[in-house]
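In case you want the letters, here they are:
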Amino acid sequence: MNIADPLLNLRERPLLVICDYDGTLAPIVTRPEDAVPEPGAPEALKALLAAGHHRAAVVTGRRVAEAAAFLNVPELMVVGLHGMEWPDQELHPPDTAALQIIKAALPDAPGVRHEEKGWTLAVHYREVPEPDQPAVETALSSVPVPPGWEVIAGKKVREFRPSGHGKGRAALRLAAQFPGHLPVFLGDDVTDEEAFAALRERGGVTVKVGEGQTAAEYRVASPAEVVALLRVWAEPPGG
Ligand SMILES: O=P(O)(O)OC[C@H]1O[C@H](O[C@H]2O[C@H](CO)[C@@H](O)[C@H](O)[C@H]2O)[C@H](O)[C@@H](O)[C@@H]1O
């Protein structure tokens, strides 16, 4: 483990720890339904919450129920669908007409997998043979995006979602909910970059998990290092 000292030393302060799920609390795997947490991740989140002076939340592209079931930490707040789905707020009815337009235009290459989430739609191509993936990416780029919708690129996935949400807004909303806590966002994917940008402007701490370009200030190597960091933060201050 090679975690920067300024990150480890944050444990002295009351933190609002916001984690992405896939790639951050769980290693990336071929099939989304197999993405179990990194060993020790649920326990580390529990310990962090039990420490008393920190708060924690997960902000994920998945549905709340799905991420919550993987983690099984009932006391943990989970925000789903890239910031559309909040535990205390009913979702407005899904825009099924827009979803139909998108679905009708999706490429049908072998290995392409649709993950329907009710309100949004993820199109995965991790299981498409590598040489065919650029063609799938190109085909996905020409899928019509209905007015009021946007498409975002993630790890071997394109996600179609209504505009006006996103992890940047979600992170700021959480930070406003816990003004006495220093917000820290940990994420691995392109969709986490807007949270990094938003929180850096607000004086928050941002941590990229793994390789790749990022606006985050710090970096850790893997979900295993995320767990190690959460464990350190869960230790009593001044210890
Ligand atoms: O915001 P996140 O918690 O990172 O969720 C983003 C998307 O993650 C999932 O897809 C990604 O992880 C899968 C499992 O490791 C992997 O097979 C896939 O290639 C990745 O794109 C999830 O399936 C999506 O619903 C999330 O939006």
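The name given to the protein in an unreviewed UniProt entry is Trehalose 6-phosphate phosphatase, with the source organism recorded as Deinococcus deserti. Under Function (unreviewed entry), UniProt gives the following word-for-word description of the protein: "Removes the phosphate from trehalose 6-phosphate to produce free trehalose." According to the UniProt record, the Cofactor (unreviewed entry) comment for the protein reads "Mg(2+)".

Of the residues in the protein, 100% reach a pLDDT of 70 or more, and the chain-wide mean stands at 96. This prediction of the complex comes with two scores: 0.96 for pTM and 0.98 for ipTM.

Moving on, we come to the sheet that holds strand β1 (residues 15-19). Ordered in space as β3-β2-β1-β8-β9-β10, the 6 strands form an open sheet in which the pairing is parallel. Strand pairing shows two members of the sheet lacking a second neighbour, β3 (77-79) and β10 (218-220), which therefore form its edges. Adjacent strand axes in the sheet meet at a mean angle of 25 degrees when their direction is disregarded. Bridging between strand β9 (residues 205-209) and β10 involves 3 bridges; their strand directions are parallel. Counterpart to Val-207 in the pairing with β10 is Tyr-218.

Moving on, we come to the site of the ligand. Residues in contact with the ligand amount to 21 residues; listed here are only the nearest, Asp-20, Val-29, Lys-155, Glu-159 and Lys-167. Asp-20 places a side-chain nitrogen or oxygen 2.5 Å from an oxygen atom of the ligand. Within the contact set of the ligand, an oxygen atom lies 3.1 Å away from a backbone nitrogen or oxygen of Thr-30. Protein contact buries 99% of the 570 Å² of open area that the ligand shows by itself.

What counts and how
- Residues numbered from 1 in each chain as written.
- Predicted model: local features only at pLDDT ≥ 70, side-chain atom pairs only at ≥ 80, totals over all residues.
- Heavy atoms only, no water.
- UniProt positions renumbered as here; feature names shortened; annotations may be inferred.
- pLDDT = per-residue confidence, 0-100.
- Pairing = 2+ DSSP bridges.
- Helix = DSSP H or I, 4+ residues; strand = E, 2+ residues; numbered from the N terminus.
- Axes fitted to C-alpha atoms, helices over the stretch in contact; angles between N-to-C directions.
- Near = heavy atom within 4 Å.
- Polar contact = N/O pair within 3.5 Å; in protein donor to acceptor, adjacent residues only side chain to side chain.
- Areas by Shrake-Rupley, 256 points an atom, 1.4 Å probe, with all protein chains shown as cover.

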